[in-house]
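Examination of the molecular architecture
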Amino acid sequence: PPHVLRARADWARAVLRDRRVARPTPTPLRLRDRPGGLGDGYELGDVVSLHYADGAIPDDDALAEDVLAFAEALGAVYAAERRSPPPFASPELELAVEVADAAAGKRRRARGAGFRTDAEEIRAVERHAVELARAHYEALGWRVRDVGATKPYDLELRRAEERLDVEVKGTTSDGMVVTLTDGEVRHHENAYPRNALVVVSRISLDRSGAVPRATLGELREITPWRIAGADLRPIAHRYAVPSRDGGAG
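Values in this document were obtained by computation on a predicted structure and should not be read as measured data.

Once that is clear, we can look at the sheet that holds strand 2 (residues 155–159). Adjacent strands of a sheet form backbone hydrogen bonds with each other and so pair up, either parallel or antiparallel. Taken together, five strands build an open sheet; the order of strands is 1-2-3-4-7 and the sheet is mixed. Since the sheet does not close on itself, it has two edges, and those belong to strand 1 (143–146) and strand 7 (218–222), each with one partner. Across the sheet, the mean angle from the axis of one strand to that of its neighbour is 25°, orientation sign disregarded. Strands in contact with helix 5 (residues 119–139) are strand 1, strand 2, strand 3 (162–170), strand 4 (195–201) and strand 7; relative to strand 3, the strand with the most contacts, it is inclined by about 150°. Docked against the sheet, helix 6 (residues 182–191) engages strand 3 and strand 4, running at close to 150° with respect to strand 3.

Dropping the structure here:
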């Protein structure tokens, strides 16, 4: 989507802000495609471009210098992506998609050198997010129970006659996309309006020790939380295979 392309291009330009990418001054990409054509996407996603005037292509040494500068810039962007996910990227969601594809017998092309997380790291991020959410609600006077091991939500809150069921999502990304299970969606559709979503984004993940350690994070609360169908996108389906007599298998 255009807003995702713009956000990611802005992020990459910020990564390269202090780097001399090319000579002369890089220029915006202009492909003069028809409205809505493929060129629009390339223009929106353009991080840095270099224009060579017709009939004035530089010599081989200058071209080699430009190629090296662009390659080094691309390496800097990749390095930044390994440290932290770019806008609208979610390593947790990408791992869920990989697992769903594997369960369906689909082979996916190997991903590049982006910010990756494994199951142990995701658990560390989730635990940290729940701890921050618990502290947040306790400071507001709620009695908090961690019920994530037995319920389709994470925290159960009580305060006088009030009750709140809270879903907590932790992520190393900007938190624009999170993963929900079918059980979580169905519970919160029924629990509305006595429910909440807490997203703890930009969690820092320290991988230097034997056990990953999650720290920091920005907490955002949405309450009451109504789940709009337009905001949900399935990544897998459970399908009952018909039996030979035509009934569900």
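Two elements in contact, helix 1 (residues 2–15) and helix 3 (residues 60–83), have axes separated by 9 Å at closest approach and are oriented at 110°. Taken together, the axes of helix 1 and helix 3 are roughly perpendicular relative to one another. Of helix 3, the residues touching helix 1 (which contributes Trp11, Ala12 and Val15) are Ala76, Val77, Ala80 and Glu81. Residues of the contact of helix 1 with helix 3, tallied by class, amount to six nonpolar, no polar and one charged.

The next subject is the side chain of Glu156. If you trace the backbone, Glu156 turns up in strand 2. Polar contacts involving the side chain of Glu156 include one to the side chain of Tyr153, which spans 2.7 Å. Setting aside anything within four residues of it in sequence, one finds Glu156 in contact with Arg143, Val144, Arg145, Val147, Arg163, Leu164 and Asp165.

What follows is about the pairing of strand 3. Burial of strand 3 is extensive: seven of the nine residues sit out of reach of the surface. Of the pairings in the sheet, the one linking strand 2 to strand 3 comprises five bridges and is antiparallel in character. The residue of strand 3 that forms the bridge with Leu155 is Val166. Taking the residues that link successive antiparallel strands as the turn, the strand 2-strand 3 hairpin has two residues, and the phi of Ala160 there is positive, at about 55°.

This brings us to the environment of Ala133. With respect to the secondary-structure elements, Ala133 resides in helix 5. Assessed through its relative accessible area of 0%, Ala133 is described here as buried. Along the backbone, Ala133 and Val166 are 33 residues apart, and their C-alpha atoms lie at a distance of 9.1 Å. Apart from residues lying up to four places away in sequence, Ala133 is in contact with Leu155, Val168, Val198 and Leu219.

Here we take up unusual backbone geometry. The omega angle of the peptide bond from Tyr192 to Pro193 is 10°, so this bond is cis rather than trans. Looking at the element boundaries, Pro193 is found in the loop between helix 6 and strand 4. That bond from Thr223 to Pro224 is cis: its omega, -10°, falls within 30 degrees of zero. With respect to the helices and strands, Pro224 occurs in the segment after strand 7. Positive phi, close to 50°, is recorded for Arg202, a residue that is not glycine. Following the sequence through the fold, Arg202 ends up in the loop between strand 4 and strand 5 (204–206). Even without being a glycine, Leu216 presents a positive backbone phi close to 60°. What makes Leu216 exposed here is its relative accessible area of 62%.

Before going further, it helps to spend a moment on the pattern of salt bridges. A full pass over the atoms with the stated rule returns 13 salt bridges. For Lys169, the salt bridge goes to Glu184, with nearest N and O atoms at 3.1 Å. Pair noted here: Lys169 is in strand 3 and Glu184 is in helix 6, with a separation of 15 residues, a long-range link. A relative accessible area of 11% means that Glu184 is categorised as buried. Measuring nitrogen to oxygen at the nearest pair gives 2.8 Å for the salt bridge that ties Arg186 to Asp182. Placement of both Arg186 and Asp182 in helix 6 is noted, with a separation of four residues, approximately one turn of the helix. A relative accessible area of 48% places Arg186 in the partly exposed class.

What counts as what
Residues numbered from 1 in each chain as written. Predicted model: local features only at pLDDT ≥ 70, side-chain atom pairs only at ≥ 80, totals over all residues. Heavy atoms only, no water. Pairing = 2+ DSSP bridges. Helix = DSSP H or I, 4+ residues; strand = E, 2+ residues; numbered from the N terminus. Axes fitted to C-alpha atoms, helices over the stretch in contact; angles between N-to-C directions. Contact = heavy atoms within 4.5 Å. Parallel < 35°, antiparallel > 145°, perpendicular 65-115°, else oblique. Nonpolar A, V, L, I, M, F, W, Y, C, P; charged D, E, K, R; others polar. Polar contact = N/O pair within 3.5 Å; in protein donor to acceptor, adjacent residues only side chain to side chain. Buried < 20%, exposed > 50% of the residue type's maximum accessible area, 1.4 Å probe, protein only. Salt bridge = Lys/Arg side-chain N within 4 Å of Asp/Glu carboxyl O.

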